[in-house]
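# Report on the structure
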Amino acid sequence: MKSLITQGVSCLAILSEYLWGRGPKQVTVTDIQGIGFQSPLAGQFVQVSGVVTAKDRYGAWIQGEPSDDPRASHGLRLYGSLASKQPNVGDFVSVTGRVTEYRADRNLNDLFLTELDQISALATHSTGSVVEPLVLGVDRIPPHNQLSSLDVGTDGWLSLPSNITLLESVNSTLRADVFGLDFWESLEGQLVTVPSPIAANFPDRFGSFWVYGDWPVAGKNSRGGLTIHSDDDGVPPAHPEAILVGRALDGSRNPKTSMGVKLTNITGVVTYQFGNYYILPLTAPDIVDIPDFNVQPSTLNSSAHSCQLRIGDYNVENMSPRSRHIPHIAEHIADYLHTPDIVFVQEIQDDSGPRNNGIVSANKTLRALTDAIKKASGGVHYDFVNVEPEDNKDGGAPGGNIRVAYLWRPERVSLLPGTIGNATLSTQPVIDDNGNVDLSYNPGRIDPLHSAWEEARKPLAAAWQTASGDRFYTVNVHFSSKRGSSSAQGNARPPVNGHAERRQSQANVTATFVRSLLDLAPNASVIVAGDMNEYLAARAVLLPLASLLHDANAVAGVPPAERYTYAYDQHAQEIDHVFVSDAIAARRAVQRENGVGSGVEIEHVHVNTWAESMGARASDHDPTVVRLSVCDPEDGADQEALRIHEVTETYAQIIL
């Protein structure tokens, strides 16, 4: 049974209309659609005419004559068995029914879909009509920046606070040339063509996939994906120029897409369902070109100088001792990251994996990973360390007890001597007898009893020394997930960014710790990295860290569109970050001035976002490797040891 929310008229009013003999009003499709998000005729019984453009088992779509106002769609959904059974595509029909705004009553964040239901009469006047589809990018061009005028705030659709306005309550006049939701609403029910479509991501579990066509887009990366990014002053693009392609109306199967796959033209009707605007294709497209799935390894090789280190970062996605993806992760670390000196890892499960049995140790998991790396690399040995959490206190799968951990090569770096912390002890920067900064627990958790970390992974801080005895400091983080987010194309404006306030608090607690360290040692070399589950474009969330430290991508000059480690919906996203302190960032300028290699270089190695299929991935995140200097090289021989060969590609920091 279809559940409806009907607006604008009571049952008594409908009955009165028939008792007084007025009958249904004759209107056009554009009269029904109007120039707002909701129909001005909602609740009224009307008679309307048009050509049937498409059908499914629940009804059909008709298209009438366009008006002079492109904001008023001339396509309309007909719902009911009479519409699904009686007419054929190409029939010119007149239909009598009720104008309604439909939304499933359990999906209150969905937008309404204007349609005609309670169809009481449908007459076919002619057959064989042909409706030419509107060609997107030619007849109408999708906006490529913002979704809605209601996304107020400096970060647009990513602004905080969220959910301060309901779009359907405002029901504003469409501004289809500026805002993406308005644009697709102005085409609701119409037949359109996407020319030369390119897939932005893998299909979802229903086989639907995001595409954009031959029109301007924002943040296009070298693979063909659309990257969330921002500059210093601009509002981050929400990529409204991309559209979901749903199941084909003729029952043909959609192709298995991935980022950058090129397809044949897609023709279908525009609709709204499951929280997003869709095109339902008349028939499924075919793949015409696929990108190269052979990802090149990192170009950042090891240096002979002890000051220059390579740091890896990898969310290894719920790894337990028996995880099947351990060999693949190990291969990535060995062959694609070239066994960095330190590897920050996240989502290390305990030794029993997801079994909820009270075990919290992860030594078997970490040993399985380091053994696999040793095998894959031909003998490179890693030591490892983590702090065991309290049982079921750090979020993730119940019983899994995921946590962050460090792997390191003992011939390159070592932990400073100290006492390892536990689940509830908070480490603090302290001055030792020689005036150097130590940690009270090394490694140790940062303020683990703070409310910011409820049901979340606690950061792990560590103090290190190089082979030459120079000190540096790291913080490995895994902030709360985006679970609880609303659809970006839904009713809540700005959209709900799940747990954003909690991540903001986590960033603040982390930054407070780093600031306390830098207060004691302003020239300290500090690296904060990990899965922060947030974009830098959501500036309010990560501001505590971004205002204190430097984004390694920016220091290294990575083009904004190439800064991504994750793909979700139509977006390529950077939710895994590396931040460095002033001392590390400043060495970049000094070394370039001296004619030596860049002090900060970073590469996101797209072994997973560029995979052939979702099932071919080892993790849902890409790994990152950064090469940087944690101390100042000496003159002469040591400076020469740090010299590296010049990379000839324009964007040396990116794996293309």
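Here the structure is a predicted model, which means the values were calculated and not measured.

Considering all chains together, one arrives at eight aromatic pairs under this definition. Residues F274 and Y278 carry aromatic rings whose centres are separated by 6.4 Å and whose planes lie at 80° to one another, so their mutual orientation is edge-to-face. With a relative accessible area of 4%, Y278 lands in the buried category. With 5.4 Å between their ring centres and 75° between their planes, W408 and W464 make a pair best called edge-to-face.

Next up on the list: the pattern of salt bridges. A side chain with one charge can pair with a side chain of the opposite charge if their charged atoms come near. The tally for this structure, following the rule as stated, stands at 16 salt bridges. Two residues, R587 and D632, come together in a salt bridge whose shortest N-O distance is 2.8 Å. With R587 in helix α11 (residues 582-593) and D632 in the loop between β35 (624-629) and α12 (637-642), the pair connects residues that are 45 residues apart, well separated along the chain. Within the structure, one salt-bridge network assembled from shared partners comprises D394, R445 and K458.

Let us look at the sheet that holds strand β31 (residues 566-568). In spatial order, the strands read β12-β32-β31; together these three strands make up an open sheet with mixed pairing. Sheet topology places β12 (226-227) and β31 at the edges, where each strand pairs with a single neighbour. In this sheet, strand β32 (residues 571-573) lies alongside β31 in antiparallel orientation, the contact comprising three bridges. Each residue of the ladder has a partner; that of A567, found in β32, is A572.

To continue, consider the nonpolar core. With 80 residues, the main nonpolar core has L136, V514 and V528 as its most contacted residues. Residues contacting V528, with those up to four places away along its chain left out, are V475, V477, T510, V514, L549, H577, V578 and F579. Formed by 33 residues, the second largest nonpolar core is a distinct cluster that contains M259, I329, A405 and A618.

With that settled, consider unusual backbone geometry. Cis geometry is adopted by the peptide bond preceding P443, which originates at N442 and carries an omega value of -10°. Tracing the backbone through its elements, the reader meets P443 in the loop between β24 (437-439) and β25 (444-445). The omega torsion across R493 and P494 is -20°, close enough to zero to call that bond cis. Residue placement: P494 occurs in the loop between β28 (492-493) and α8 (500-520).

Reading the values: rules and limits
Residues numbered from 1 in each chain as written. Predicted model: local features only at pLDDT ≥ 70, side-chain atom pairs only at ≥ 80, totals over all residues. Heavy atoms only, no water. Phe/Tyr/Trp six-rings, centres within 6.5 Å; stacked < 30°, edge-to-face > 60°. Buried < 20%, exposed > 50% of the residue type's maximum accessible area, 1.4 Å probe, protein only. Salt bridge = Lys/Arg side-chain N within 4 Å of Asp/Glu carboxyl O. Helix = DSSP H or I, 4+ residues; strand = E, 2+ residues; numbered from the N terminus. Pairing = 2+ DSSP bridges. Core = buried A, V, L, I, M, F, W, Y, C linked by side-chain atoms within 4.5 Å. Contact = heavy atoms within 4.5 Å.

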